[in-house]
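Observations on the model geometry
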Amino acid sequence: MPCISRRELLCSGLALSASSLTARSAWGRTAVLLADYPGVPSAEALGALAPRERLLFDRGWKFTYGHGTDPARDLGFGFGQGDFAKTGEFEFAKAKFDDSKWRTLNLPHDWAVELPFVRDDEQLSHGYKPLGRRYPDTSVGWYRRVFDVPASDKGRRVTVEFDGAFRDVIVFVNGCFVGRNNNGYAPFEFDLTDFLALGAKNTIVARVDASFGDGWFYEGAGIYRHVWLTKTDALHLGKWESVVRSEVSGKTAALNLSTEVVNSGAQTESARVTWQIVDAAGKTVATAEAAAQTIATDGSAKFTTTARIANPALWSSEDPNLYSALVTVESAGKARDAERVSFGVRTALFDANKGFFLNGKSTKIQGTCNHQDHSGVGAAVPDRLQWYRLAVLRAMGCNSVRTSHNMPTPEWVEACDRMGMTMMCETRQMSSNPEGMAQLETMIKRYRNSPSIIIWSIGNEEGQLQNGELAEQGEKIAAAMVRRCHELDPTRVVSAAVNGDNEKGLSLALDIIGFNYHQDFPDNFHKEHPTKAIFGSETSSAIATRGDYTTDALRNTINEYDAAVPWGATAEDWWKFYGTREWEAGGYAWTGFDYRGEPTPYGWPSINSQFGIVDMCGFPKEMFYYYKAWWRTEPSLHLFPHWNFEGKEGETIRVWAYSNLDEVELFVNGKSQGSQKVPHLGHVEWKVKYEPGAIEARASRNGKVVLTDKRETAGPTVAIRLTADRTMIHADGEDVSVITVEVLDKEGRPVPTASNMIGFNVSGEGALIGVGNGDPNCQESDKEPKRSLFNGLAQVILQSTIKAGEIHLEAVKEGWDGPELTPAKLVITTDRVESRPWVPVLRNDE
C-alpha cells in the first residue's frame, strides 16, 4: 500500500506551514501538492548526453485546416495522381511558401478539443466531435515549421522524432516526401539527414489526417505529443537498445547490461562501450565496459557486460528509488555518442496462490484504468498535468494504473517511475500482423527499463479472438505476441484484458490471467487452473455524476451512492471480491478519471463518460473516499452528501459515511441519529429528514473519537475563490498551474450546488490553455476564458511563457443573471529556470 509523503499529497488537517499547503477546497478537503516534485525533466533525465543533442521541437509551429475530400482546400495535395511522382516538388514544404495566414501554436496540440460538439450518434463513443470521413472540413490539419541546421552538423545524423500524433501523418522536408505513419499511439521517426540544407533554413511540414480512428473512445486529433530533433554521430547507439536488467540476491544486485551500436558512416569503425551506474544523488556505484568490436559501414554490433551494485536502494511504491546508466560509445579514445537510461532495482512476482509480491512484500494491486485526456486540453496533456493526475489517484491509495487501451505517452511512464506507481502497459492493436507486432515491439523497447511496469498487456476485449469464431486464430496470434514480449523482455509477465471465461482462444497463451468484470468466473478458474495467477484486468464500472445524489434520466445524472452498469459492480462490491481473496493479485477499476466519449449510461447531450472515480478535472466523486478509507492505512472519515437541499425540507435524505475506523455516530443539528459499526470494506448509512443546518459524523476507535467530519448548509453566493495547486511554476513555456474555482457564501463556505458562469482575465507571463468543470453534460468551450461551475466547481489551467515574472488571473461574474459576486484575483509566480534545449524558432523572412 503506498505511503503518501508531503511531496505528493497532503490531506487536510495535517500540521504544515501555511506556505506549504494550498488553501482548503470544497472538492474533497484534499490538497494536491506538487511543489516538491521534479519539474519538467532535464535533458539528461530524458536521455541526452553530449555529444548527442536532443532538442525539443514543440515551439513556433504554424497550423491550418486542410480538407479530407477537396484538394483545392487541402493545399492542392492529391489534386491529381502525380503527387509522389517526383522528389522535391511539394511547394508547401519549401521555405518560400507563404504561411502568414496560418495560426501560430506550440505543441502538443489537439485540435479535436477545440471543435464544437455535433449531435451525431455515430460520433457518440468519440465524444460527439466532428471527425471522420463524413466531416472532411475538420478532419485534416497541416503543421509547418521553419528551422535552421548549422553547417557544423555536417557528418551527423539528424532525426525528427514524434512521440505520437493522431492519426495518419505524412511528413515532408524541403519539398521532399520523407515518410508516413498510420497509427495514433506509437512513436515514430524519420532520418532527415539527406534532405537537409546545412547552414541554411529548412522547412518541415506534417499533414495529419484524423479521419480514421484506432479506438472506440475520444482520441483527439493532431500532433498531441512532443516532437524532438535528435542529432547524433554517424557512429551511435541504436534506438532504445540500451537495456539494464537487474537480479537481486541478498544485499547485491547483479546488472546485465546490453546495447547496440550502429555505424551509419562511410567507413568501418572500431568501437567500445562503457557504462557508468549512478544513484539518485549522482554518486557512481558501478562501472563496466565491453570490449571493442569492428563495425562495418551500415552495420551494427551488440555489446554486453555485467556489473554489481552493493546494498541497492530498491524501487517500491513507498520509495521509488531510481538509478541511471550512462552509456557511452568510444572510438579511438573519443566519445562518439552517449545516452542516459533510467532504471530501478526491484523484484516483481505473481504467485497463483498468494497474489502479487513487490520486493518480496505481498502487495494488492489497487489499480485504475485510465484514458489519456483531461478537461480543457483533450489529449494534448502537458507534462506537469500527468504528475497532477497521478497525484490525484495516489491520494485515494491507488498504487497501479493500466494504460487503457494504448501505448502511453513517455511522460506518464516517467511520472509513474518517479512516483512509485506500478503499471499494466497495454498496446493498441492486438495482432501478429506486421503493424501489430511493430507497435508491440516499439512499446516494449521504449519502456522495458521502467521499473513501474509490472505487466505487458497485448490487448483488450478481443471477443472474436477469445470466444468467437476466431478463437483458434486468437491462440496463435496471442502466442506470437507473447513470444516476442519474452524475447525482448524476459523479466515481465504478459497478459491481456479478457471479457470472458479465459478458457480458450488467446487466453491459452498468457502468462497470467486477467478478468474483465465477470466476478462469477475467477473462483472456478482458480479451482480448475491452480497454477495460473489471476487479477482483475478491468473491474467495477461504477457510475456517478459528481455532486448529484439522485438518478435522473431527464437530466442525464447518476446518483453518487450506489450506481453501476449492468455488467459492472460498485466500488464496494468489486473490492470485497478482489480484496479478500489471497490468491487474487488485485485489480484495476474502470476508471480513475472520467474521459471524453462513451457517455454511459446516457447519450446526447452527455459528451463524456461517468465511470470515473474522479471527474474530467480530477475533482473527486464520493466513491473516491471509499477507496481512500480502504486502500490507505491512516484513519479516514468522509461524510456525504452536502447539506444544501433547498425545497426538500422534511424529505428523507440518505446520509453515508466512509470510514476505516470502528464506529461512526451521526448528528443532525446536534441531535444524535445513532451510532453504527463500520463493516469491513463497507460503509455506514442513515436515512434522515432534511432540515437546514449541519450534519456531523464522529468516527471512533476503541471507544475514542478519532475523526469528525461536518457538512453545513451554505447560504447564497457572494464571492469567488481561486485556489492553485502551485503558486510558483517554472518559466519554461511548459509548466502549468491548475486552478480550482469556487464560490462562497458570506461565511466563507463553498456553495456545493452553485452553477454561476465565471469569466477569466489572464495577463502577464502566461496563458490560459483550458477550462473545465467535470459536468458530463456540459458543451461549453474548453478554450474560451469562461466556464460555468458544476455543482460548485470549475477548473482553469494556466501555462507559463519562457520569461520569468508573474501570471495574473482574475475571476469575475459573467453575464447579467444572478447575484453579484466579489471577484477573485490570484498571482502565479514563474521562476527562471534552464529550459530544455529546443530548436530556435525562425521566421520565413530571416
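Residues numbered from 1 in each chain as written. Predicted model: local features only at pLDDT ≥ 70, side-chain atom pairs only at ≥ 80, totals over all residues. Heavy atoms only, no water.

Observations concerning the pairing of strand β33 (residues 652-659)
- Burial analysis of β33 places 6 of its 8 residues in the buried class, which makes it a mostly covered element.
- In terms of strand pairing, strand β32 (residues 637-640) meets β33 through 4 bridges, oriented antiparallel. In the sheet register, Leu637 faces β33, and the bridge partner there is Ser659. (Buried < 20%, exposed > 50% of the residue type's maximum accessible area, 1.4 Å probe, protein only. Helix = DSSP H or I, 4+ residues; strand = E, 2+ residues; numbered from the N terminus. Pairing = 2+ DSSP bridges.)

Quick look at the sheet that holds strand β8 (residues 168-173)
- The strand order across the open sheet built from 6 strands is β5-β4-β6-β11-β8-β9, with neighbouring strands paired in antiparallel fashion. Sheet topology places β5 (103-105) and β9 (176-182) at the edges, where each strand pairs with a single neighbour. Adjacent strand axes in the sheet meet at a mean angle of 25°, parallel and antiparallel pairs treated alike.
- Where strand β6 (residues 140-149) lies against strand β11 (residues 200-209), 10 bridges are found, and the strand directions are antiparallel. Within β11, the residue paired with Val146 across the bridge is Thr203. (Axes fitted to C-alpha atoms, helices over the stretch in contact; angles between N-to-C directions.)

What to know about helix α1 (residues 383-395)
- Taking 1.5 Å per residue, 13 residues should reach 18 Å; α1 reaches 19 Å between its end C-alpha atoms and fits that length.
- Of all 13 residues that make up α1, 13 are buried, and the element is covered over most of its length.
- Looking at the residues trailing α1, positive phi occurs at Gly397, about 100°. (Expected span 1.5 Å × (residues − 1).)

Let's talk about the packing of aromatic side chains
- Applying the stated criterion across every chain yields a total of 50 aromatic pairs.
- Where Phe92 meets Phe172, the ring centres are 5.1 Å apart and the plane angle is 85°; that geometry is what we call edge-to-face. In this pair, Phe92 is assigned in the loop between β4 (61-65) and β5 and Phe172 in strand β8, connecting sequence segments 80 residues apart.
- Aromatic side chains Phe162 and Phe188 sit 4.8 Å apart centroid to centroid with 10° between the ring planes, which places their arrangement in the stacked category. Of this pair, Phe162 sits in strand β7 (residues 156-162) while Phe188 sits in strand β10 (residues 188-191), and the two are 26 residues apart along the sequence.
- Above the plane of the ring of Phe117 lies Lys129, whose end atom (NZ or CZ) is 4.0 Å from the centre.
- Across from the ring centre of Tyr561, 4.3 Å away, lies the NZ or CZ of Arg654, which sits over that ring. (Phe/Tyr/Trp six-rings, centres within 6.5 Å; stacked < 30°, edge-to-face > 60°. Lys NZ or Arg CZ within 6 Å of the ring centre and 35° of its normal.)

A closer look at the nonpolar core
- Ranked by size, the top nonpolar core spans 99 residues in total, and within it Leu390, Leu393, Val401, Ile458, Tyr627, Val655 and Val664 carry the most contacts.
- Non-local contacts of Val655, meaning those with residues more than four positions away in its chain, are made with Leu639, Phe640, Pro641, Trp643, Leu666, Val684, Glu685, Trp686, Val688 and Ile695.
- Judged by nonpolar contacts, the second largest core, of 42 residues, contains Val149, Phe162, Tyr185 and Tyr224. (Core = buried A, V, L, I, M, F, W, Y, C linked by side-chain atoms within 4.5 Å. Contact = heavy atoms within 4.5 Å.)

Notes on empty space enclosed by the protein
- Applying the stated criterion across every chain yields a total of 8 cavities of 30 Å³ or more.
- Estimates place the volume of the largest cavity at around 130 Å³.
- For the largest cavity, the full set of lining residues is Asn370, His371, Gln372, Gln386, Arg389, Arg402, Thr403, Ser404, Asn406, Pro408, Thr409 and Trp412.
- When residues of the lining of the largest cavity are traced back to their parent elements, those giving at least two are α1 and β25 (400-403).
- When its residues are assigned to classes, the lining of the largest cavity shows 2 nonpolar, 8 polar and 2 charged. (1 Å grid on protein atoms, 1.4 Å probe; cavity = no way out; pocket = protein on both sides within 12 Å on 5 of 7 lines; lining within 4 Å. Points joined across faces, edges and corners; volume = space filled by probe spheres on them. Nonpolar A, V, L, I, M, F, W, Y, C, P; charged D, E, K, R; others polar.)

Describing the environment of Arg654
- Within the element layout of this structure, Arg654 appears in strand β33.
- The exposure class assigned to Arg654 is partly exposed, which follows from its relative accessible area of 26%.
- Linking Arg654 and Val688, residues 34 residues apart in sequence, is a C-alpha distance of 6.7 Å.
- Filtering out sequence-adjacent residues up to four positions away, Arg654 remains in contact with Tyr561, Asp562, Phe640, Pro641, Glu685 and Trp686.

Description of unusual backbone geometry
- Here the bond from Trp590 into Thr591 is cis, since omega is -10°, no more than 30 degrees from zero.
- Note that Thr591 resides in the loop between β31 (584-590) and α8 (623-631).
- With an omega of 15°, the peptide bond running from Phe640 to Pro641 counts as cis.
- Position of Pro641 among the secondary structure elements: in the loop between β32 and β33.
- Even without a glycine there, the phi angle at Trp240 is positive, about 55°.
- In this fold, Trp240 is placed in the loop between β13 (235-237) and β14 (243-249).
- Of note in this structure, Leu681 is not a glycine but carries a positive phi near 60°.
- Along the polypeptide, Leu681 turns up in the loop between β35 (671-677) and β36 (684-689).

Some details on the side chain of Thr422
- Counting through the fold element by element, Thr422 comes out in strand β26 (residues 422-426).
- A polar atom in the side chain of Thr422 sits 2.7 Å from the side chain of Ser400.
- Contacts of Thr422, omitting those with residues within four sequence positions, involve Trp315, Leu358, Asn399, Ser400, Val401, Ser452 and Ile454. (Polar contact = N/O pair within 3.5 Å; in protein donor to acceptor, adjacent residues only side chain to side chain.)

Notes on the pattern of salt bridges
- Enumeration over the complete set of coordinates arrives at 59 salt bridges.
- Measuring nitrogen to oxygen at the nearest pair gives 2.9 Å for the salt bridge that ties Glu330 to Arg272. Here Arg272 lies in strand β16 (residues 269-278) and Glu330 lies in strand β19 (residues 323-331), a separation of 58 residues in the sequence.
- For Arg272, a relative accessible area of 27% corresponds to the partly exposed category.
- The salt bridge partner of Arg632 is Glu634, with a shortest N-O separation of 2.8 Å.
- The exposure class assigned to Glu634 is partly exposed, which follows from its relative accessible area of 26%.
- Through salt bridges that share partners, Glu241, Glu260, Lys302, Lys445 and Arg448 make up one connected network. (Salt bridge = Lys/Arg side-chain N within 4 Å of Asp/Glu carboxyl O.)

Structural notes on the sheet that holds β19
- Spatially, the 4 strands line up as an open sheet ordered β17-β16-β19-β20, and their pairing is antiparallel. Looking along the sheet, the strands with just one partner apiece sit at the ends: β17 (284-295) and β20 (334-343). Ignoring strand direction, the axes of neighbouring strands in this sheet form an average angle of 15°.

Structural notes on the state of the cysteines
- Going through the model one piece at a time under the given rule, you end up with 0 disulfides.
- Considering cysteine sulfurs only, Cys398 is the nearest to Cys369, which forms no disulfide, with 9.7 Å between them. (Disulfide = S-S within 2.5 Å.)

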